[in-house]
Amino acid sequence: LTFALREALYGLDAISGVARAYVELGDPDRAAPYVDKLGPSNTPAMWAMGELLVKKGRGAEALKYLEPAAAAGSPPSIGIALLSVAYAQSAQLEQATTAARVAVQRAGGTAGVYDMASKAMIIAQRPIEARAYLQQALLLDPTSETIRHALEALDTALANAKKRAQ
């Protein structure tokens, strides 16, 4: 029995290691079978896989990992913001908006959550919400050039859209 338990434990460690390696290498297709073997009980692997898929623009696939990870406990606000981007990428716009709102309500002073929620709102074509989130992110992290540039780009896009509408 001890041998069987040790083999099962080492087997899971090996699977976890391979999954983590493929995620870190940015290869979700190779990581997927290993993350799937680990299942929802390994929430760090689920979050990491979901994040990688979102970064690659594969939000619909990411939901397979992010939703169970979020349901497994009390998800971090950045995780909920990530989920909002996945929903937006998969054209589930109401879910994206709701998840973004929940994320920023729980964010406290975390600029990254507001920044990620803004990305979801940009994808969902809700520029007013995106702008509000970016403004809050910039208030929380006034030295962030990334956030500042994102806000400037959004303002430029909004101004151009307004000119075209006139």
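Here, every reference points to the structure presented above.
Source: prediction; values computed, not measured.

Chemist: Sorry, what's going on with the overall build of the protein here?
Modeler: Secondary structure assignment for the protein yields nine helices and zero strands. For the protein, with 166 residues in total, the buried portion stands at 40%. Long-range pairs, those at least 24 residues apart, make up 49% of the contacts in the protein between residues at least 6 apart in sequence. Accessible area of the protein: about 9200 Å², with a carbon and sulfur share of 57%. Positive and negative side-chain charges of the protein, numbering 17 and 16 respectively, have mean locations separated by a distance of 4 Å.

Chemist: Help me out: how do you make sense of the side chain of Ser84 in this one?
Modeler: Tracing the chain through its elements places Ser84 in helix α5 (residues 77-89). Judged by relative accessible area, which is 0%, Ser84 ranks as buried. Contact partners of Ser84, with chain neighbours within four places excluded, come to Ala96, Ala99, Ala100, Ala117 and Ala120.

Chemist: How should I be thinking about the packing of helix α6 (residues 93-107) against helix α7 (residues 111-123) in this particular structure?
Modeler: Direction vectors running N to C along α6 and α7 enclose 170°, while the axes themselves pass 9 Å from each other. In terms of axis orientation, α6 runs roughly antiparallel to α7. Helix-helix and strand crossings are classified by hand; for α6 and α7 the assignment is left-handed. For the pair α6 and α7, contact is made by Ala96, Thr97, Ala100, Ala103, Val104 and Ala107 and by Val113, Tyr114, Ala117 and Met121, respectively.

Chemist: I tried to follow the pattern of salt bridges on my own but got confused; where do I start?
Modeler: Pairs may arise between side chains of opposite charge once their charged atoms sit close together. Tallied over the entire structure, the rule returns nine salt bridges. Ionic pairing is found between Glu94 and Arg126, a salt bridge with its closest N-O pair at 2.8 Å. Within this pair, whereas Glu94 is found in helix α6, its partner Arg126 is found in the loop between α7 and α8 (127-140), the two being separated by 32 residues in sequence. Bridged by salt links that share partners, the residues Asp29, Arg58 and Glu61 form one connected network.

Chemist: What is the right way to look at the environment of Ile123 in this model?
Modeler: On the secondary structure map, Ile123 appears in helix α7. Linking Ile123 and Leu93, residues 30 residues apart in sequence, is a C-alpha distance of 8.9 Å. Those residues within four positions of Ile123 in sequence are excluded, and the remaining contacts are Val85, Ala88 and Gln89.

Chemist: Would you take a moment to explain the nonpolar core for this structure?
Modeler: Val35, Met49, Val54, Tyr65, Leu66, Met121 and Tyr133 are the most contacted members of the largest nonpolar core, which has 50 residues in total. Ranked by the residues each element gives to this core, the list is headed by α5, at eight residues. Residues in contact with Val54, not counting those within four places in the same chain, are Ala62, Leu66, Leu82, Val85, Ala86 and Gln89.

Chemist: For this particular structure, what's the right way to read unusual backbone geometry?
Modeler: Note: most peptide bonds trans; most residues except glycine with negative phi. The phi dihedral of Ala91 falls on the positive side, at around 65°, and the residue is not glycine. Position of Ala91 relative to the elements: it lies in the loop between α5 and α6. The residue Gln125 is not glycine, and still its phi comes out positive at about 60°. Mapping Gln125 onto the fold places it in the loop between α7 and α8.

Chemist: Just to check I follow, could you spell out helix α3 (residues 43-55) for this structure?
Modeler: Two residues of an α-helix separated by three or four positions point the same way, owing to the 3.6 residues in each turn. With 13 residues, α3 should cover 18 Å at 1.5 Å per step; its first-to-last C-alpha distance of 18 Å lies within 8% of that length. Among all positions in α3, only Ala45, Met46, Trp47, Met49, Gly50, Leu52, Leu53 and Val54 are buried. The residue sitting at the N-terminus of α3 and contributing the capping side-chain oxygen is Asn42; that oxygen lies 3.0 Å from the backbone nitrogen of Ala45. Within two residues after α3, Gly57 carries a phi angle of roughly 80°, on the positive side.

Chemist: What's the story with the side chain of Ser77 in this structure? I'm lost.
Modeler: Assignment of secondary structure puts Ser77 in helix α5. In this view, Ser77 contacts Ala103, Arg106, Ala107 and Val113; residues no more than four positions away in its chain are not counted.

Each value, and the rule that gives it
Residues numbered from 1 in each chain as written. Predicted model: local features only at pLDDT ≥ 70, side-chain atom pairs only at ≥ 80, totals over all residues. Heavy atoms only, no water. Helix = DSSP H or I, 4+ residues; strand = E, 2+ residues; numbered from the N terminus. Buried < 20%, exposed > 50% of the residue type's maximum accessible area, 1.4 Å probe, protein only. Contact = heavy atoms within 4.5 Å. Areas by Shrake-Rupley, 256 points an atom, 1.4 Å probe, with all protein chains shown as cover. Lys, Arg positive; Asp, Glu negative; His and termini not counted. Charge placed at Lys NZ, Arg CZ, Asp CG, Glu CD. Axes fitted to C-alpha atoms, helices over the stretch in contact; angles between N-to-C directions. Parallel < 35°, antiparallel > 145°, perpendicular 65-115°, else oblique. Left-handed = near helix turned anticlockwise from the far one by under 90°. Salt bridge = Lys/Arg side-chain N within 4 Å of Asp/Glu carboxyl O. Core = buried A, V, L, I, M, F, W, Y, C linked by side-chain atoms within 4.5 Å. Expected span 1.5 Å × (residues − 1). Polar contact = N/O pair within 3.5 Å; in protein donor to acceptor, adjacent residues only side chain to side chain.

In short, the description is geometric, and any link to function would need to be established separately.
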